[in-house]
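Topology and contacts: notes
The residues making up each chain are set out below.
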Amino acid sequence: MFIKILDSHSITKKTMKEHYKIGIALGGGAARGYAHIGVLKAVDELKIPIDFISGTSIGSFIGALYSSGKLNQFEEEIKSKNSFIRDVLFKLDPIYPKLAVMNGNEVIKAFKKLTNITTFEELDIPLTTVTTDIINNQKIECSSGDLINAIKASIAIPGVLKPIYVDDKLCVDGGLIDPVPLESIIKMGATRTIAVNLYGLESSDKTDEKYNIIDIVDRSAKIVLNNVTHLSFKQNEPDLLIEPPIDQFKGWDFHKANELIEIGYKKGKKSLIESNLFT
């Protein structure tokens, strides 16, 4: 966990809260992104004012809901979903597999069901979403204009969800190029930063003899993305890094929202309090 120690002799906690601009970067992780909800619940409970949000993949979706003030409603809705077949498989929107096997419209339907917001400018908290220009290998940041298209581009898992054009660039999941977009909130103006990485490798509850081919592929992807994330932090370290212990969850575990939210909440609250930087 990255924690920068502040000079307590030169500045009081009250002054810190008045002058710091706090940003939170929400990483990708598919269903594991539900842990973000728990972290943000802890942020609200501790009355930590968030000035800027950035999100990659599911982090962009959760960040948009939080910025629009609708995250609590979304939480109540997903807590009732506990069947993989009913609540995951039956919600898929398959398409002819030219560029991907699914459209991704169900995610957007869930967002539109909760809010009429369609542009970044309508959000209560400034948000930047991250996507990947797959042709030119470039990071694309969206912070104005069409919010819905930006979310669709940020969550477009390669081969799974259809790529989306952003400013005439063919874009896929932002996690390919920036799994936890810390740099984005710094550029937005954050002077105190929180990064939430969902690819931490803590709490694997399987021994090697219980692994199967799906476990190997899933964990391999986590290792790559976790390493990319920590390499990116060598340029800019977050003031606080939160890594919920959710290694045992898969990217398609959307029916396990209650567990993921609770783990995110407990880890988020513990990390925020122990850092003594924001409370």
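This text goes with the structure placed above it.
Our subject in this report is the structure included herewith. (Residues numbered from 1 in each chain as written. Predicted model: local features only at pLDDT ≥ 70, side-chain atom pairs only at ≥ 80, totals over all residues. Heavy atoms only, no water.)

Some points on helix α6 (residues 105-114)
Within the span of α6, buried status applies to I108, A110, F111 and L114. Seen from one end, α6 has its buried residues packed into an arc of 155°, which puts them on one side. Seen from the open side of α6, the exposed residues pointing more than 90 degrees away from its buried face are K109 and K113. Buried-residue contacts for α6 involve α3 (58-67), α4 (71-78) and α7 (147-154). (Buried < 20%, exposed > 50% of the residue type's maximum accessible area, 1.4 Å probe, protein only. Helix = DSSP H or I, 4+ residues; strand = E, 2+ residues; numbered from the N terminus. Arc of directions from axis to C-beta. Contact = heavy atoms within 4.5 Å.)

What about a nonpolar patch on the surface?
There is a patch of nonpolar side chains on the surface, built from I213, I214, V217 and W252 and spanning about 420 Å² of accessible area. Given a relative accessible area of 56%, V217 falls into the exposed group. (Patch = residues over 30% accessible without salt bridge, like charges linked within 9 Å, V, L, I, M, F, W, Y side chains within 5 Å. Areas by Shrake-Rupley, 256 points an atom, 1.4 Å probe, with all protein chains shown as cover. Salt bridge = Lys/Arg side-chain N within 4 Å of Asp/Glu carboxyl O.)

Here we look at the pattern of salt bridges
Enumeration over the complete set of coordinates arrives at 14 salt bridges. For K222, the salt bridge identified is with D247, shortest N-O distance 3.1 Å. Here D247 lies in the loop between β10 (240-242) and α10 (257-275) and K222 lies in helix α9 (residues 213-232), a separation of 25 residues in the sequence. D247 carries the same exposure label as K222, and that label is buried. E262 is paired through a salt bridge with K266; the nearest N and O atoms lie 3.8 Å apart. Separated by 4 residues within a single helix, E262 and K266 lie in helix α10, roughly one turn from each other. Using a relative accessible area of 37% as the deciding quantity, one classes E262 as partly exposed. The exposed category is assigned to K266, whose relative accessible area is 53%.

As for the packing of α6 against α7
Two packed helices can be described by the angle between their axes and the distance between those axes. It is at 10 Å that the axes of α6 and α7 come closest, and there the two elements cross at 140°. When the axis of α6 is compared with that of α7, the two are oblique. The chirality of how α6 crosses α7 is right-handed. Here α6 contributes N105, I108, F111 and K112 to the contact with α7, which in turn contributes L147, I148, I151 and K152. Of the residues belonging to the contact of α6 with α7, the class tally is 5 nonpolar, 1 polar and 2 charged. (Axes fitted to C-alpha atoms, helices over the stretch in contact; angles between N-to-C directions. Parallel < 35°, antiparallel > 145°, perpendicular 65-115°, else oblique. Left-handed = near helix turned anticlockwise from the far one by under 90°. Nonpolar A, V, L, I, M, F, W, Y, C, P; charged D, E, K, R; others polar.)

Regarding the environment of G264
Looking at the element boundaries, G264 is found in helix α10. Residue class for G264 comes out buried when judged on its relative accessible area of 0%. Each C-alpha atom, one on G264 and one on P245, is 8.1 Å from the other, the two residues being 19 residues apart in sequence.

Re α7
Taking burial as the measure, the 8 residues of α7 include 7 buried ones, the bulk of the element. Those residues of α7 lying buried are L147, I148, A150, I151, K152, A153 and S154. Of the residues flanking the start of α7, the one acting as N-cap is D146, its side-chain oxygen 3.1 Å from the backbone nitrogen of I148. (Polar contact = N/O pair within 3.5 Å; in protein donor to acceptor, adjacent residues only side chain to side chain.)

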